[in-house]
Amino acid sequence: NYDYLLGMDDANIRNMTRIAGGDPEGKIHMLLDFSDEPRAIADPWYTGNFDATYRDIVKGLHGLLEHMIRKGEVIV
């Protein structure tokens, strides 16, 4: 029912893929895959750096929106 299933780190992606029974349609992504710095987003519970996590999430969401606009999934 969803076009995108977004995780923050490798553990999220592994668990989502397991729960979904695989990802044949390529819907599971790390949020920062849509940015110019594809990587995991650090969990601020462990790092204590909530500001860095917030910036990473905003960067990923901006990249996702740009990706969706390019694909014609969002019209602005």
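The rules behind each value
Residues numbered from 1 in each chain as written. Predicted model: local features only at pLDDT ≥ 70, side-chain atom pairs only at ≥ 80, totals over all residues. Heavy atoms only, no water. Patch = residues over 30% accessible without salt bridge, like charges linked within 9 Å, V, L, I, M, F, W, Y side chains within 5 Å. Areas by Shrake-Rupley, 256 points an atom, 1.4 Å probe, with all protein chains shown as cover. Salt bridge = Lys/Arg side-chain N within 4 Å of Asp/Glu carboxyl O. Helix = DSSP H or I, 4+ residues; strand = E, 2+ residues; numbered from the N terminus. Phe/Tyr/Trp six-rings, centres within 6.5 Å; stacked < 30°, edge-to-face > 60°. Buried < 20%, exposed > 50% of the residue type's maximum accessible area, 1.4 Å probe, protein only.

A. Broad picture of a nonpolar patch on the surface. Among the surface-exposed residues, L65, I69 and V76 lie close enough to one another that they form a single nonpolar patch of about 290 Å² accessible area. Within the element layout of this structure, L65 appears in helix 3 (residues 50–70).

B. Spatial organisation of the pattern of salt bridges. A full pass over the atoms with the stated rule returns 5 salt bridges. For the salt bridge of E25 with K27, the shortest nitrogen-to-oxygen distance reads 3.4 Å. In this structure, E73 and K71 form a salt bridge, with 3.5 Å as the shortest nitrogen-oxygen distance. Linked through salt bridges whose partners overlap, the residues forming this network are E37, R39, D56 and K59.

C. Examining the packing of aromatic side chains more closely. Scanning the entire structure with this criterion turns up 1 aromatic pair. Seen from their ring centres, Y4 and F34 are 5.9 Å apart, and the 80° between their planes marks the pair as edge-to-face. Residue Y4 is found in the segment before strand 1 (5–7), and its partner F34 is found in the loop between strand 2 (28–30) and helix 2 (44–47); the two are separated by 30 residues along the sequence. On the basis of relative accessibility, which here comes to 17%, the residue Y4 falls in the buried class.

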